[in-house]
Amino acid sequence: MKSTTTLVWFRKCLRLHDNAALVEAVSSSYVVPLFVLDPTLYATPHRLRFLVESLEDLDRELVRRKSQLFVVRGNPPKVLEAIFAREGPLGDLRVDRCLWEADPADPTSIDSAAAAIASTHGVEARAVPGGHTIWDLEATLRVIGTGSVPTTMRAMERLADKLGPPPAPLEAPAEIPPVPPNTRIVREVPAAPPGEGIVSGGETRGLLRLADVLGRDGGKFAATFEKPKTRSTTVSTTLLSPYVSFGCVSARRLYADLVVALRPFGAETSKPPASLVGQLYFRELSYLHGLRVGSGFGTQRESPVCVDVPWDDNPALLDAWERGKTGYPYVDACMRMLASTGYLHHLARHSCACFLTRGDLWVSWEKGAAVFEKHLLDFDWAVNNFNWLWLAGTAPWSAPYFRVYSPTPDPRKSALNVDDENGDFVRRYVPELEHFPAKHIYAPWKCPIADQRKASCIIGKDYPKPVVDHAAVSKANIARFKQAVDLDKRRRSPASSSAKTATTTNLQANKKFKRA
Ligand SMILES: Cc1cc2nc3c(=O)[nH]c(=O)nc-3n(C[C@H](O)[C@H](O)[C@H](O)COP(=O)(O)OP(=O)(O)OC[C@H]3O[C@@H](n4cnc5c(N)ncnc54)[C@H](O)[C@@H]3O)c2cc1C
């Protein structure tokens with residue numbers, strides 16, 4: 001029998017479990033596991049550290065199966081082209097087949113670019129649908145047909161019922177064929193940046209975290225999980241998102257294990273949208289909307305689902321927000337935590353996104369999404385855009401534009417679940433305010449000057465005054481937003497020649513997703 005060599009390109013999944021491309025490849029005589037490290041995607045130290053840890057873990061698991069990971073730095077299509085042409089980093093290696101996990105909503109079209117390059121070199125190449133989403137998205141869109149992608153959790157639940165149980169996650173192959181003899185070994189893995197991340201990367205750690213989350217408090221944590229009740233100033237949710245986003249844990253595996261763990265709790269389990277299943281449904285919806293809209297999902301102008309809001313271009317305010325220097329300590333602590341750890345609780349993300357856009361600064365959500373893309377450890381194109389649209393108020397599933405978070409939350413009753421009367425979270429991330437009196441920690445400009453001196457922090461000198469007056473701007477912004485919604489309605493009316501093509505719009509009598 002003719003021997004075949006399959007290149008398995010670890011694209012979306014940095015794991016051996018639920019890796020459909022790898023499972024298919026094990027029928028070959030030889031398998032070359034490859035990761036192409038595009039340095040532009042891992043610009044921040046925490047992302048790079050998590051990636052390096054994940055690659056090291058993947059290599060260890062491959063070595064246990066008598067294989068090993070090849071890591072090449074560069075632009076993926078260019079690297080693949082050089083390999084297929086047998087003049088690249090892997091030398092004269094002849095590749096017959098190249099398989100990788102498909103990116104279900106790929107704004108960069110890398111999947112199709114890679115397939116086209118392979119075909120010019122006579123290499124059979126295919127993006128294999130995998131477990132990055134619970135159900136196969138293309139199949140789901142076929143079921144939806146000409147109907148709308150759900151914009152409410154109830155509609156998502158009905159869709160889930162219609163789709164039935166998702167495919168079971170695949171087991172990791174027990175054995176992997178060897179790399180061809182005399183292949184040039186390449187491992188261009190950079191050193192991990194010093195320090196510790198909020199979580200460490202890798203499939204092994206991801207699966208351990210998943211088991212821990214599902215077993216916590218005898219399973220009660222997962223079974224009774226309600227997102228709106230979790231605190232925004234501590235890690236109070238699962239912190240599984242970096243593992244899912246890097247593909248160390250497949251969404252399908254997470255869902256399958258969760259369903260098994262919830263079974264003994266029957267009617268006691270929490271329900272979507274607040275439950276953990278609800279969170280995974282939100283993720284699925286992000287992908288469905290992303291795939292339906294296509295690459296325009298990340299832009300207001302090109303996205304048919306968006307209300308056209310005339311945001312201001314204000315680089316100074318954007319910069320103050322990104323650097324955590326708005327003069328609003330809760331928002332600043334959140335943004336500084338994001339920059340220093342790559343993570344933020346979901347409600348903290350709500351607060352920052354609302355503040356930047358319709359709440360206070362009136363800066364476009366696209367700018368905010370780009371800042372989150374830079375810093376988030378769990379950055380995911382579809383999920384990030386879906387959530388920014390939600391918070392900016394411009395999509396059919398958005399929060400009502402007139403419900404605005406206060407940037408000076410009352411720690412006892414804020415919807416942001418701050419629950420931190422002493423302001424420890426603020427003191428930790430905004431050390432200028434470390435000695436500030438608790439009474440004024442969320443609105444320090446109201447603190448008498450004598451107390452500011454005592455706390456060694458003069459507002460306007462050591463820590464900024466508020467960059468905007470929340471009470472005034474939030475009122476003005478609601479009025480501006482209403483104008484944009486009214487104009488959008490007129491534009492979309494059948495009589496208008498400039499109607500966007502969407503069949504749905506955010507008309508803001510929006511009782512859609514409850515806060516989750
Ligand atoms: C402005 C904004 C931007 C965001 N950008 C991203 C992003 O780039 N990547 C990302 O993974 N999440 C993003 N989220 C969603 C959410 O905040 C994170 O998924 C969640 O906070 C991660 O923490 P966790 O794993 O503890 O979540 P848990 O609450 O424990 O949820 C479990 C899993 O469900 C999924 N999930 C939870 N909430 C959501 C949600 N609202 N939408 C879609 N999936 C969800 C995640 O995969 C998460 O790991 C964003 C939210 C906002 C408001």
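Residues numbered from 1 in each chain as written. Predicted model: local features only at pLDDT ≥ 70, side-chain atom pairs only at ≥ 80, totals over all residues. Heavy atoms only, no water.

The protein carries the name Photolyase/cryptochrome alpha/beta domain-containing protein in an unreviewed UniProt entry, which gives Chrysophaeum taylorii as its organism. Quoted verbatim from the Sequence similarities (unreviewed entry) field of the UniProt record, the comment on the protein reads "Belongs to the DNA photolyase class-1 family." (UniProt positions renumbered as here; feature names shortened; annotations may be inferred.)

Caption draft 1: Geometry of the overall build of the protein. Along its length, the protein carries 19 helices and 5 strands. The C-alpha radius of gyration of the protein comes to 24 Å, within 12% of the 24 Å expected for a compact globule of 516 residues. Dimensions of the protein, computed from C-alpha atoms along their principal axes, come out at roughly 85 × 60 × 50 Å. The buried share among the 516 residues of the protein stands at 58%. Sequence-distant contacts in the protein: of pairs separated by 6 or more residues, those separated by 24 or more amount to 77%. On the protein, roughly 21,800 Å² of surface is accessible, and the fraction owed to carbon and sulfur atoms is 53%. (Helix = DSSP H or I, 4+ residues; strand = E, 2+ residues; numbered from the N terminus. Rg over C-alpha atoms; globule rule 2.2 N^0.38 Å. Buried < 20%, exposed > 50% of the residue type's maximum accessible area, 1.4 Å probe, protein only. Contact = heavy atoms within 4.5 Å. Areas by Shrake-Rupley, 256 points an atom, 1.4 Å probe, with all protein chains shown as cover.)

Caption draft 2: Structural detail: the site of the ligand. Close to the ligand lie 28 residues, the nearest being T237, T238, L239, H346 and D378. Here an oxygen atom of the ligand and a side-chain polar atom of Y343 are 2.9 Å apart. Note that an oxygen atom of the ligand is positioned 3.0 Å from one of the backbone N or O atoms of D380. Across the complex, the protein chains shield 99% of the 820 Å² of accessible surface that the ligand would expose by itself. Classifying every residue of the shell around the ligand gives 14 nonpolar, 9 polar and 5 charged. (Near = heavy atom within 4 Å. Polar contact = N/O pair within 3.5 Å; in protein donor to acceptor, adjacent residues only side chain to side chain. Nonpolar A, V, L, I, M, F, W, Y, C, P; charged D, E, K, R; others polar.)

Caption draft 3: Summary view of the sheet that holds strand β3 (residues 70–73). Strand order across the open sheet formed by 5 strands is β3-β2-β1-β4-β5, with parallel pairing between neighbours. The sheet is open, and its two borders are formed by β3 and β5 (124–128), each paired with just one other strand. Taking the axes of each pair of neighbouring strands and ignoring which way they run, one obtains an average angle of 25° across the sheet. Set on the sheet, helix α2 (residues 45–64) makes contact with β2 (30–37) and β3; between it and β2 the angle comes to about 175°. Relative to strand β1 (residues 5–9), helix α3 (residues 76–84) is tilted by about 170°, and along the sheet it contacts β1, β2, β3 and β4 (97–101). (Pairing = 2+ DSSP bridges. Axes fitted to C-alpha atoms, helices over the stretch in contact; angles between N-to-C directions.)

Caption draft 4: Examining the state of the cysteines more closely. The full count for this structure, using the stated rule, is 0 disulfides. Cysteine C13 is unpaired, with the sulfur of C248 as its nearest cysteine sulfur at 9.9 Å. In this structure C447 is not part of a disulfide, and its nearest cysteine sulfur, from C457, lies 9.0 Å away. (Disulfide = S-S within 2.5 Å.)

Caption draft 5: Quick peek at the UniProt feature "site: Electron transfer via tryptophanyl radical" (unreviewed entry) in the protein. Residues given the UniProt feature "site: Electron transfer via tryptophanyl radical" (unreviewed entry) here are W311, W365 and W388. Their sequence span is 78 residues, while the largest C-alpha to C-alpha distance among them is just 14.1 Å; these annotated residues converge on one region. Here W311 falls in the buried class, since its relative accessible area comes to 14%. Once you skip the residues sitting within four places of it in the chain, W311 turns out to touch Q300, T357, R358, W362, V363, S364, W365, A392, T394 and F481. Engagement of the side chain of W311 in a polar contact is seen with the side chain of Q300, the distance being 2.9 Å. Tracing the backbone shows W365 in helix α15 (residues 365–375). Every residue in contact with W365, bar those within four places of it in the chain, is listed here: F297, G298, T299, Q300, C306, W311, T357, N385, W388, L389, A392 and T394.

Caption draft 6: Seen up close, the side chain of T133. Structurally, T133 can be placed in the loop between β5 and α5 (137–144). With relative accessibility at 2%, the residue T133 sits in the buried group. Among the polar contacts made by the side chain of T133, one reaches the main-chain carbonyl oxygen of W135 at a distance of 2.8 Å. Ignoring anything within four residues of it in the chain, the contact list for T133 reads P104, A251, R252, R283, E284 and Y287.

Caption draft 7: Quick peek at the pairing of β5. The sheet contact formed by β4 and β5 spans 5 bridges and is parallel. Bridge assignment links L99 to a residue of β5, and that residue is R126.

Caption draft 8: Region of interest: the pairing of β1. Extensive coverage of β1 is indicated by the burial of 5 of its 5 residues. Burial of β1 is two-sided: the residues T5, L7 and W9 facing one way and the residues T6 and V8 facing the other way are all buried. Bridge count between β1 and β2: 5 bridges; the pairing is parallel. Each residue of the ladder has a partner; that of T6, found in β2, is V31. For the segment spanning β1, helix α1 (residues 20–25) and β2, crossover handedness is right-handed. Two strands pair when backbone bridges link them, and β1 and β4 are joined in this way by 4 bridges, in the parallel orientation. Considered in β4, the bridge of W9 is made with W100. (Right-handed = clockwise from strand over helix to strand, strands pointing away.)

Caption draft 9: Expanded view of the environment of E432. Tracing the chain through its elements places E432 in the loop between α17 (424–429) and α18 (449–454). By relative accessible area, E432 is classed as partly exposed at 22%. For E432 and L391, which are 41 residues apart along the polypeptide, the C-alpha to C-alpha distance reads 29 Å. Discounting chain neighbours no more than four positions away, the residues touching E432 are R336, C457, D462 and Y463.

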